[in-house]
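Structural description and commentary
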Protein chains: 2
Amino acid sequence: MVNLFAPDPVDPDDPRIATALEVLAPYAAELGLPRPTAPATFAADFEEQVDVVATEGVPVFSVTFGVPPAATTERLHASGAVVGATATTVAEARTLAAAGVDFVCAQGSEAGGHRGSFGTGAADDLIGLVALVPQVCDAVDVPVVAAGGIADGRGIAAALVLGACAAQLGTAFLLSPEAGTSPPYRDAVRAAAPEATTVTRAFSGRRARGVDNRFARELAGRDDLPPYPVLNALTSPLRRAAAEQGRAEFLSLWAGQAVGLARELPAGELVTRLADEARAALDAG
Amino acid sequence: MVNLFAPDPVDPDDPRIATALEVLAPYAAELGLPRPTAPATFAADFEEQVDVVATEGVPVFSVTFGVPPAATTERLHASGAVVGATATTVAEARTLAAAGVDFVCAQGSEAGGHRGSFGTGAADDLIGLVALVPQVCDAVDVPVVAAGGIADGRGIAAALVLGACAAQLGTAFLLSPEAGTSPPYRDAVRAAAPEATTVTRAFSGRRARGVDNRFARELAGRDDLPPYPVLNALTSPLRRAAAEQGRAEFLSLWAGQAVGLARELPAGELVTRLADEARAALDAG
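Here is a short report on the structure shown in this document. (Residues numbered from 1 in each chain as written. Chains lettered and ligands numbered in written order. Predicted model: local features only at pLDDT ≥ 70, side-chain atom pairs only at ≥ 80, totals over all residues. Heavy atoms only, no water.)

**Comments concerning the pairing of strand β9 (residues 208-211) of chain A**
Which entries qualify depends on this criterion: Pairing between strands requires that DSSP locate at least two bridges from one strand to the other. Only runs of H or I of at least four residues qualify as helices and only runs of E of at least two qualify as strands under DSSP, and these elements are numbered from the N terminus.
Two strands pair when backbone bridges link them, and strand β5 (residues 113-114) of chain A and β9 of chain A are joined in this way by two bridges, in the antiparallel orientation. The partner of His-114 of chain A across the bridge, within β9 of chain A, is Ala-208 of chain A.

The following block contains the structure:
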């Protein structure tokens, strides 16, 4: 399975880029980096990425941040792939189903990392999984995968009884040796209570949930910074240096609200335990 | 069972009361009410309420917005009552368990009405139920009741497999004929998608989730209004008049994110269906 971010428009002449470079300069200095500059390109080319997915015959493909373009879905269907996308509201799930996706991933407000939201007009698209999944299941005819706040077998069992056909876990694997979690990031995950996470635009220009830290707090509420993927590209050198230098205060510490349930287990062993726990939770319920 | 709001301090000389009366004046005029004034008392006396609970031999008592005072818990235990309280974070649950409550109600971010939060220092106490319940169950030794975002048997089954001993439902009953839901409030509940609810301080001075409307939008972000229970008392005449006049834009339309699952059924019939649905969801999971 491969998941890609749907392409967001990029304006290299956006005046907010200069503001961001100004705001980021003192952080770069603190990390011993040169004054930040704008890169030549801000994001990978979506069509080139899709080319690879289709050519390699990836069996399951999904998109976050929007509706898969019709041409993309057609091409991937022709390559034999199943195509899905992320919804954070019932309205988004309806839009995706009408666009012909094969499955919808219902992302609860608990989820770590980027919000998959793409709709407009919702007063509150931070909908908890226990409310979101049944209402999405009632609204669409395609299978629903539940994501967000699930990090052990109890959560998987809950996703299934809510009506999902599967559960998607991310935070649960952050402490596995196979995960690319940097040492300061691992320490932050080990120490975090569920109430330690917050949703911030500070790192990427798109809302994402992670363990709260100095960078998120200091940039909270700023609405003069460029959107994703521009800000993401501009903060990337800082985050890379922060990981190398063990400076968690400048790292995007993506984690969901189930962060307290992450375990230091090899991924394969964790998957076996999760399946056993889910079965036990269903049997006891 | 009786649930009471833990007493919040009231300062009748709070200068923010004058600000609130100024802000509310045009709304009162629009509803044909006299210019708002401060009442003699802002909230019922907690000790007097507890007196009634103890004297009447209420078997289950719970508190929201704080830790039950030790004297209250002792008195109610002596009267034979079981005493619980609401937690919105793992830290709050630990505080309650240490204070000797007999059960903790874990309130997810999905919940309609007032947030039971009383802790400080949490970056984000809007924790989704699917993440909150297992972590609260792991943190405390007392039984956990799950509340928030549950409005059908799928949600009840999810609460049980997450580790709760019971589920608490509110929004599910808003359209029952027995509920005191006013006609404009009923219409708003019938029309609402889960993404239509928002958390606002506008009506009471404490954060509460309801269907978004004009009053919540126009007072959003104001931090110069008095806290609960003062603002609650000041907006009360407006809300009463709005209910009588069918003006949903001035009503506190409390509802959780499971609002789309509320059904127009008598309460007794709904309870029977909920039990059947929960059993079916557990059997199918």
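Right, picking up where we left off after that structure.
**Quick notes on unusual backbone geometry**
Residue and element names in this part refer to chain A. Pro-229 follows Tyr-228 through a cis peptide bond whose omega is 0 degrees. The residue Phe-65 is not glycine, and still its phi comes out positive at about 80 degrees. Relative to the elements of secondary structure, Phe-65 occurs in the loop between β2 (60-64) and α3 (70-78).

**What about the interface of chain B and chain A?**
We apply this condition: Every residue pair with non-hydrogen atoms within 4.5 Å of one another is taken to be in contact. Simply put, the buried area is the total loss of 1.4 Å probe accessible area from both parts when two parts are fitted together. We define a salt bridge as a contact between a side-chain nitrogen of Lys or Arg and a carboxyl oxygen of Asp or Glu at a distance within 4 Å. Two N or O atoms count as a polar contact when they lie within 3.5 Å, although within protein this holds only if one can serve as hydrogen donor and the other as acceptor, and sequence-adjacent residues are included solely when both atoms are side-chain atoms. Gly is placed with the polar residues, together with every amino acid not listed as nonpolar (Ala, Val, Leu, Ile, Met, Phe, Trp, Tyr, Cys and Pro) or charged (Asp, Glu, Lys and Arg).
Between chain B and chain A, the contact holds 43 residues from the first and 43 residues from the second. For the pairing of chain B and chain A, the buried interface totals around 3,100 Å² over both sides, and the portion due to carbon and sulfur atoms is 59%. The residue Asp-138 of chain B makes a salt bridge to Arg-154 of chain A at a minimum N-O spacing of 2.9 Å. One can count 20 residue pairs in polar contact (both at pLDDT 80 or more) joining chain B with chain A. Looking at the side of chain B that touches chain A, the elements with two or more residues in it are α4 (90-98), α5 (129-139), α6 (153-162), β8 (197-200) and α10 (267-284) of chain B. For the side of chain B that touches chain A, the leading source of residues is α5 of chain B, giving seven residues. Counted by class, the side of chain B that touches chain A contains 22 nonpolar, twelve polar and nine charged residues.

**Let's talk about the relation of the copies chain B and chain A**
Just so we agree on the cut-off: Copy-to-copy alignment: least squares on C-alpha atoms, limited to residues at pLDDT 70 or above in both.
Laying chain B over chain A is done by rotating through 180 degrees and shifting 0.0 Å along the axis; what remains is an RMSD of 0.0 Å. Taken together, the turn and the small shift mark the pair as related by a two-fold rotation axis. Relative to the rotation axis, the closest C-alpha in chain B is found at Ala-158 of chain B, a distance of 2.1 Å. Taken together, the interface assignments show that 100% of the residues at the interface of chain B recur at the interface of chain A, consistent with an identical surface on both copies.

**Some remarks on the side chain of Arg-154 of chain B**
Structurally, the position occupied by Arg-154 of chain B is in helix α6. In terms of polar contacts, Arg-154 of chain B uses its side chain to reach the side chain of Asp-138 of chain A, at 2.9 Å. Here Asp-152 of chain B takes part through its side chain, which lies 2.7 Å from a polar atom of the side chain of Arg-154 of chain B. Contact partners of Arg-154 of chain B, with chain neighbours within four places excluded, come to Pro-134, Cys-137, Asp-138, Val-161 and Leu-162 of chain A together with Leu-261 and Ala-281 of chain B.

**Structural notes on the side chain of Ser-252 of chain A**
Residues and elements named next belong to chain A. Definition in use: The cut-offs for exposure are 20% and 50% of the maximum accessible area for each residue type, with area from a 1.4 Å probe on protein chains only; residues under the lower value are buried, those over the upper are exposed, and the others partly exposed.
Among the structural elements, Ser-252 can be located in the loop between α9 (230-245) and α10 (267-284). Among the residues examined, Ser-252 registers a relative accessible area of 11% and is labelled buried. Non-local contacts of Ser-252, meaning those with residues more than four positions away in its chain, are made with Tyr-185, Phe-203 and Arg-239.

In short, shape yes, function no, at least from these values alone.
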